[in-house]
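One letter stands for each residue in the lines below.
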Amino acid sequence: MGCRPLSRIVGVAGLYCAGKSLAAEILRSRGYEEIDVDSLGHYARERMAREVEEAFGTTDRRELGRIVFSDAEQLRRLEAIVHPWMIDEVGRRVDSLRREGKDGVINAALLFPMGLHSFCDKVLWITASLPVRFLRARRRDSLTPCGFIRRLRSQRKLYPQKVGENVDISRVANNGNRRRFERRILDLL
Ligand SMILES: CC(C)(COP(=O)(O)OP(=O)(O)OC[C@H]1O[C@@H](n2cnc3c(N)ncnc32)[C@H](O)[C@@H]1O)[C@@H](O)C(=O)NCCC(=O)NCCS
Ligand SMILES: Nc1ncnc2c1ncn2[C@@H]1O[C@H](COP(=O)(O)OP(=O)(O)OP(=O)(O)O)[C@@H](O)[C@H]1O
């Protein structure tokens, strides 16, 4: 009877434009399967379109972003609708990876507040300086300084320090080029 290989689940977290998706891409190139929790959020919004429409009068991604990222109470209302299903879905996908002995990466800005770190064997907390993140946000999302500041305010809750839980967290700086970032990540695995 053969032994199933061990599965390893790595969480990737960090603030807006720190480089979480790039970190997940690097892990994917090493055979990890990605659970992209931002995408699950968009899928959840479509699944729960009726509740979202009732609560906000719209299900449009951009319009909702404008509403919830400038008002913490509205963001909490949206999270209360979509997060329970999202957390269950991540759990289902992790179970399936573990059963198949596959490695996985959970890419989630809200890894800690959603409690998803409890599914992980290791967490990479990606950091980059504020000016670097602003330049990336401007290039990728055409965000104005005001829009950038609004995003930052909605992300105060994301830090791992706010979680008293015992999980192996490595901080990975991503202020330089991709090659250096990739080397840092691979050294930590
Ligand atoms: C409000 C929504 C519709 C705005 O969509 P939009 O396309 O404008 O932004 P996008 O999803 O690309 O997110 C932009 C940035 O905000 C971050 N972000 C998304 N949701 C949240 C949140 N609840 N709290 C803090 N940051 C968030 C993302 O990680 C990303 O860094 C969407 O972000 C959403 O449905 N959020 C709630 C679900 C959720 O919590 N998703 C994040 C899981 S990690
Ligand atoms: N080391 C790097 N060198 C060059 N460009 C980078 C680097 N890291 C990230 N970027 C670019 O910065 C932008 C943000 O990176 P990425 O999407 O990985 O961040 P994120 O943390 O996943 O963002 P979000 O918070 O929106 O989910 C992207 O356009 C990406 O290509």
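So, here is what we can say about the structure in this document. Small disclaimer: the values here were computed from a predicted structure and weren't measured.

Taken in spatial order, the 5 strands line up as β2-β3-β1-β4-β5 in an open sheet, and their pairing is parallel. Two strands bound the open sheet, and with one partner strand each, they are β2 (33–36) and β5 (169–173). Direction aside, the axes of adjacent strands within the sheet are offset by 25° on average. In the sheet, strand β4 (residues 122–127) pairs with β5 via 5 bridges, with the strands oriented parallel. Within β5, the residue paired with Leu-124 across the bridge is Ser-170.

Turning our eyes to something else, we now look at the pattern of salt bridges. Tallied over the full model, the rule gives 11 salt bridges. Arg-50 is paired through a salt bridge with Glu-54; the nearest N and O atoms lie 3.7 Å apart. You can see Arg-50 and its partner Glu-54 sitting in helix α3 (residues 49–56), 4 residues apart, about one turn around the helix. Like Arg-50, the residue Glu-54 is exposed in the burial classification. A salt bridge links Asp-141 to Arg-140, with the nearest nitrogen and oxygen atoms 2.8 Å apart. Asp-141 sits in the partly exposed class, given a relative accessible area of 31%.

Lys-20, Ser-21, Leu-22, Arg-140 and Asn-174 are the nearest of the 15 residues found near ligand 2. In this structure, Lys-20 approaches ligand 2 through a side-chain N or O atom, which is 2.8 Å from an oxygen atom. Contact distances for ligand 2 include 2.9 Å between an oxygen atom and a backbone N or O atom of Leu-22. Coverage of ligand 2 by the protein chains reaches 76% of its 630 Å² of free accessible surface. When contributions to the shell around ligand 2 are tallied by element, the ones reaching two or more residues are α1 (20–29) and α6 (130–141). Here the element with the most residues in the shell around ligand 2 is α1; it accounts for 3 residues. Class assignment for the residues of the shell around ligand 2 results in 5 nonpolar, 5 polar and 5 charged.

What counts as what
- Residues numbered from 1 in each chain as written.
- Chains lettered and ligands numbered in written order.
- Predicted model: local features only at pLDDT ≥ 70, side-chain atom pairs only at ≥ 80, totals over all residues.
- Heavy atoms only, no water.
- Pairing = 2+ DSSP bridges.
- Helix = DSSP H or I, 4+ residues; strand = E, 2+ residues; numbered from the N terminus.
- Axes fitted to C-alpha atoms, helices over the stretch in contact; angles between N-to-C directions.
- Salt bridge = Lys/Arg side-chain N within 4 Å of Asp/Glu carboxyl O.
- Buried < 20%, exposed > 50% of the residue type's maximum accessible area, 1.4 Å probe, protein only.
- Near = heavy atom within 4 Å.
- Polar contact = N/O pair within 3.5 Å; in protein donor to acceptor, adjacent residues only side chain to side chain.
- Areas by Shrake-Rupley, 256 points an atom, 1.4 Å probe, with all protein chains shown as cover.
- Nonpolar A, V, L, I, M, F, W, Y, C, P; charged D, E, K, R; others polar.

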